[in-house]
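Each chain is listed here by its residues.
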Amino acid sequence: MSKVTRNILGFLSRFKFAITIFLGLLLVGVVDENSFIKLISYHYQIEDLKTNIKQYDAQYKDDTNKLRAMKCDPKAIARIARERYFMKADNEDIFVLSDDEAPIEDTQK
């Protein structure tokens, strides 16, 4: 055997436990399907889902209150019909204001 091969084998035999532990941590930490990287990404996904749950809970409570008001008060039905579906009474006019801006055309060409 050459001197280089003996030096490499001597190094590997001296630090075989440290190398094994390092390779095991590398395998578990980066390559494995339950790695630390995926654990962190799952944590961020869970946080996003929790914020979505809070938003949906607030929307559910609001919709439940509106539904309860619609069941009890006929004026609430008229108000919702006017707000959402632009329905009107016989003696009123409806003006719909749009937030969309029309593109400005250059007329001085």
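Quantities reported herein were computed from a predicted structural model and do not represent experimental measurements. Sequence order as written defines the numbering, with residues in each chain counted from 1. For a predicted model such as this one, the threshold for reporting local features is a pLDDT of at least 70, and the threshold for listing and counting side-chain atom pairs is 80 or more; totals across whole chains, interfaces and linings nevertheless cover every residue. Side-chain descriptors were evaluated using all non-hydrogen atoms of the structure, hydrogens and water having been removed beforehand.

Visitor: When you look at a nonpolar patch on the surface in this model, what are you seeing that I'm missing?
Guide: Exposure above 30% relative accessible area and the absence of a salt bridge qualify a residue for a patch, where like charges join within 9 Å and nonpolar side chains (Val, Leu, Ile, Met, Phe, Trp, Tyr) within 5 Å. Areas reported as accessible are Shrake-Rupley estimates using a 1.4 Å probe. Residue values count occlusion only from the protein chains shown. Any carboxyl oxygen of Asp or Glu within 4 Å of a side-chain nitrogen of Lys or Arg constitutes a salt bridge here. Taken together, the side chains of Phe22, Leu23, Leu26, Leu27, Val28, Val30, Val31, Phe36, Ile37 and Leu39 present a nonpolar region at the surface, about 990 Å² in accessible area. Where helices and strands are cited, they refer to DSSP runs of H or I of at least four residues and of E of at least two residues respectively, numbered from the N terminus. For the nonpolar patch, the secondary structure elements donating two or more residues are helix H2 (16-31) and helix H3 (36-72). Counting residues per element, the nonpolar patch draws most heavily on H2, which supplies seven residues. Relative accessible area serves as the criterion here: at 48%, Val30 is assigned to the partly exposed category. Any residue under 20% of the maximum accessible area for its type is buried, any over 50% is exposed, and the rest in between are partly exposed; the area is computed with a 1.4 Å probe on protein chains only.

Visitor: Can you walk me through the domain arrangement of the chain in this structure?
Guide: By a widely used convention, the size of an interface equals the accessible area lost when the partners come together. You can read the domains of the chain as domain 1 (1-31) and domain 2 (34-88). The split of the chain into domains comes from an automatic or database domain assignment. Taken over C-alpha atoms, the centre of domain 1 sits 56 Å from the centre of domain 2.

Visitor: Hey, could you run me through the environment of Asp73 in this one?
Guide: Turning to its location among the elements, Asp73 is positioned in the loop between H3 and helix H4 (74-85). Under the relative-accessibility criterion, Asp73 is labelled partly exposed at 33%.

Visitor: Help me understand the confidence of the model for the chain, please; the structure alone is not making it clear to me.
Guide: Low-pLDDT portions of the prediction should not be read for the details of their coordinates. As a per-residue measure, pLDDT reflects the predictor's confidence and takes values from 0 up to 100. Model confidence for the chain is summarised by a mean pLDDT of 83, while 92% of its residues fall at 70 or above. Ranking the elements of the chain by mean pLDDT puts H4 last with 79 and H3 first with 93.

Visitor: Teacher, can you tell me more about the packing of aromatic side chains here?
Guide: Aromatic ring pairs are defined here through the distance separating the ring centres and the angle between the ring planes. The aromatic pairing rule takes the rings of Phe, Tyr and Trp, using the six-membered ring of Trp, and pairs them if the centres are within 6.5 Å, calling planes under 30 degrees apart stacked, those over 60 edge-to-face and the rest tilted. Under the counting rule described, the total for this entry stands at one aromatic pair. Ring centres of Phe11 and Phe15 lie 5.0 Å apart, and the angle between their planes is 55°; on these two criteria the pair is classed as tilted. The class for Phe11 is partly exposed, based on a relative accessible area of 44%. Among the residues examined, Phe15 registers a relative accessible area of 36% and is labelled partly exposed.

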